[in-house]
Amino acid sequence: MFKKILLLYAIIECLRVQCALAVYRQDSASIFQEFERFARRKDTFGRNPIELFLRTDPQGEWFKEVLKDLKTMNNWNSTISGEMSLFSSALVEGTWYNISNNGTCNCCDVNNPKDPFHVHLSLTGRPGEVVVSWNTAERPSNNKSCVTVSNSTGFQLGSFCSSDIRTFSLGSGYSPYLCSNYSGYASHVKISSLKPGDSYTYTIQGNSKNKTFQFTAPYGNTSSTTKLAFFTDIGTKGGQPVIDALKQRMSEFDYIILPGDQSYSDGYHTTFDAYLSLFEDVIASKPYMVSSGNHEGPWNFTYVRNNFYWPVKESGAAPDALWYSIDEGPVHYIFMNYENYFSYPLGEWEMTQPAPLSTFPGQLEWLRNDLEQFEKRRESNPNLWLIMMAHRPLTCNISGKSCDVFGPELEKEVFPLMYQYKADMYWCGHVHAYERVNPINNVTRTQCSNCVQQNGTLYKQPPYPVQIMNGIAGRAVADNNYFTPGISYPEYAQVRIDAINYPFGGYALVQVNDTVLNFTLYNTSGTVLDSFRIEK
């Protein structure tokens, strides 16, 4: 305890004395530099002060108190406050890992610049087709990335190659002071013409090591069943319990869906790298379909735009779109985007805020066209399911802007489309809690009279979508309780679960066939937190 008190005093003294001038000048670059310089020093006990940011018990909250002390200084600048919030989020999530190298970071091994890192799979929505993505420190030779593939008998199918190699570096605007001049290359190789449901092995060659993984070729829309894992809002260290739980249940899902907020890197890209390294054993074998949340926003979505393959072309969206759709089994998934920069005075450091779909050129037009095409398919096959999603909630029952202001505004465009095209579910997160909202008419705010059965565990032919807000996959810093005990919630607010703090978290496993969708929410100890089904 004495060591903690001494260290807390030292940090506050740094922030009060060494950083005060920077704050007085309202110079956020200087304050970050001073803070980082102090954090790298050794204390009298021979430990780096940054090690105490590890959340062993109440110390995630302790770090928040340090930030509060910083805010009491003269001439505190609200812009610096926002930037420090991003900085602290990445710091707390990422300090369990070696995320910096003398202040300059690379995505991978500079001594073996062709070695692959952060391998993961993506779906394109087409049967028998996946995309393999990975990072290297150096551009692949001849501007071509390749993977070799064999089937379950060991027969070599040959090499699949691509020139889809994306690169980026950070260094303009407000540099991320956990490391500067971040750089790396992201390769994306499409493997096609596989037999849906069959097992395959792929290998990526590097300088000092190769990486080999197995996967099952996706069915696209050729199957009447599918199974998946679904969650949002997962940290790096904070998300490790969920990642570890999924490693034990690999046979229970074929792919993962995450509509926004992964790693909590907040622009500090090496924290995102650490997250993908933790998850690689899962997502290199199970396709990992993500979209953008507010925490992917800094640096204009640079990390997710470059490191993830989104099937925008396959789903008819623009090349730079942050939205797309896929088919897998009997389900059509639509990933929408509300995250926008209303103003951009600081470039890379401006946080996103929710905006209606029509704010983004082409999104609403694309969405209507995508829904019309799906409607035509469902006319010939009424057993198809439609699940729409975005990072932010529409209907939720927590005091605050997310539910009181932004939700109703976003509803105005989304609900009419979900009603018109008979969406079965809406998935989201953002709020670090779980809420299941029964099918409601968003105008009258009343739930369907006969579709909610068996004490809310069965929805029988619901006329409106069931809404799931599942933002409990885990952060390293403790979240507050969002639901107030003892108050009356609307009848349609069927299930409410507060944030599940580290070392726990929550994730859902979903199984779908032609007529039934089964949804089960677990915590990381395997306890069932919520379970229901929808019948067509």
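Okay, so let's go over this structure. Since the structure is predicted, the reported quantities are computational estimates derived from the model, not experimental observations. (Residues numbered from 1 in each chain as written. Predicted model: local features only at pLDDT ≥ 70, side-chain atom pairs only at ≥ 80, totals over all residues. Heavy atoms only, no water.)

### Structural notes on the packing of aromatic side chains
Enumeration according to the criterion identifies 23 aromatic pairs in this entry. Measuring from ring centre to ring centre gives 5.7 Å for Tyr459 and Phe532, while their planes differ by 80 degrees; the resulting arrangement is edge-to-face. Residue Tyr459 is located in strand β25 (residues 458–460), and its partner Phe532 is located in strand β30 (residues 528–535); the two are separated by 73 residues in the primary sequence. Residue class for Tyr459 comes out buried when judged on its relative accessible area of 0%. Put simply, the rings of Phe230, Tyr255, Tyr333, Trp427, Tyr459, Phe519 and Phe532 touch in pairs and so form one group of aromatic residues. Lying across the ring of Tyr522, Arg249 places its NZ or CZ 4.0 Å from the centre. (Phe/Tyr/Trp six-rings, centres within 6.5 Å; stacked < 30°, edge-to-face > 60°. Helix = DSSP H or I, 4+ residues; strand = E, 2+ residues; numbered from the N terminus. Buried < 20%, exposed > 50% of the residue type's maximum accessible area, 1.4 Å probe, protein only. Lys NZ or Arg CZ within 6 Å of the ring centre and 35° of its normal.)

### Details of the state of the cysteines
Taken as a whole and judged by the stated rule, the model has four disulfides. A disulfide bridge connects Cys107 with Cys108, and the sulfur atoms are separated by 2.4 Å. Here the S-S torsion is close to -90 degrees, and the disulfide linking Cys107 with Cys108 is therefore left-handed. Comparing Cys107 with Cys108, the two get one shared label, buried. Residue pairing for Cys448: its cysteine sulfur links by disulfide to Cys451, the two sulfurs lying 1.5 Å apart. For the pair Cys448 and Cys451, one class covers both residues: buried. Here the chain pairs its bonded cysteines, counted in sequence order, in the arrangement 1-2, 3-4, 5-6, 7-8. No disulfide involves Cys428; its sulfur sits 7.2 Å from the nearest other cysteine sulfur, which is in Cys396. (Disulfide = S-S within 2.5 Å.)

### Thoughts on the pattern of salt bridges
Oppositely charged side chains may form a pair once their charged atoms are brought near each other. Scanning all chains against the criterion turns up 15 salt bridges. Here Asp424 makes a salt bridge to Lys536, at a shortest N to O gap of 3.6 Å. In this pair, Asp424 sits in the loop between α10 (401–420) and β20 (425–428) while Lys536 sits in the segment after β30, placing the two residues 112 residues apart along the sequence. Using a relative accessible area of 12% as the deciding quantity, one classes Asp424 as buried. Note that Arg533 is salt-bridged to Glu535, the shortest N-O span being 2.8 Å. The network of salt bridges with shared partners includes Arg378, Asp424 and Lys536. (Salt bridge = Lys/Arg side-chain N within 4 Å of Asp/Glu carboxyl O.)

### Structural notes on the sheet that holds strand β9 (residues 211–216)
Pairing between the strands of a sheet comes from backbone hydrogen bonds, and it takes one of two forms, parallel or antiparallel. Pairing within the open sheet is antiparallel, and its four strands lie in the order β5-β4-β8-β9. Every interior strand has two partners, whereas the edge strands, β5 (156–162) and β9, have only one. Geometrically, the sheet is characterised by an average inter-axis angle of 25 degrees between neighbouring strands, direction not taken into account. Note that strand β4 (residues 145–151) and β5 share six bridges and pair antiparallel. Bridge pairing links Thr148 to Ser159 in β5. (Pairing = 2+ DSSP bridges. Axes fitted to C-alpha atoms, helices over the stretch in contact; angles between N-to-C directions.)

### Looking at the nonpolar core
Ile257, Phe279, Tyr333, Met336, Met425, Trp427 and Phe519 are the most contacted members of the largest nonpolar core, which totals 105 residues. Per element, the largest residue contribution to this core is seven residues, and it comes from helix α7 (residues 269–283). Apart from residues lying up to four places away in sequence, Tyr333 is in contact with Thr226, Leu228, Tyr255, Ile257, Tyr324, Ser325, Ile326, Glu328, Ile387, Met389 and Trp427. Counting 18 residues, the second-largest nonpolar core is a separate cluster that includes Val132, Leu194, Ile204 and Phe213. (Core = buried A, V, L, I, M, F, W, Y, C linked by side-chain atoms within 4.5 Å. Contact = heavy atoms within 4.5 Å.)

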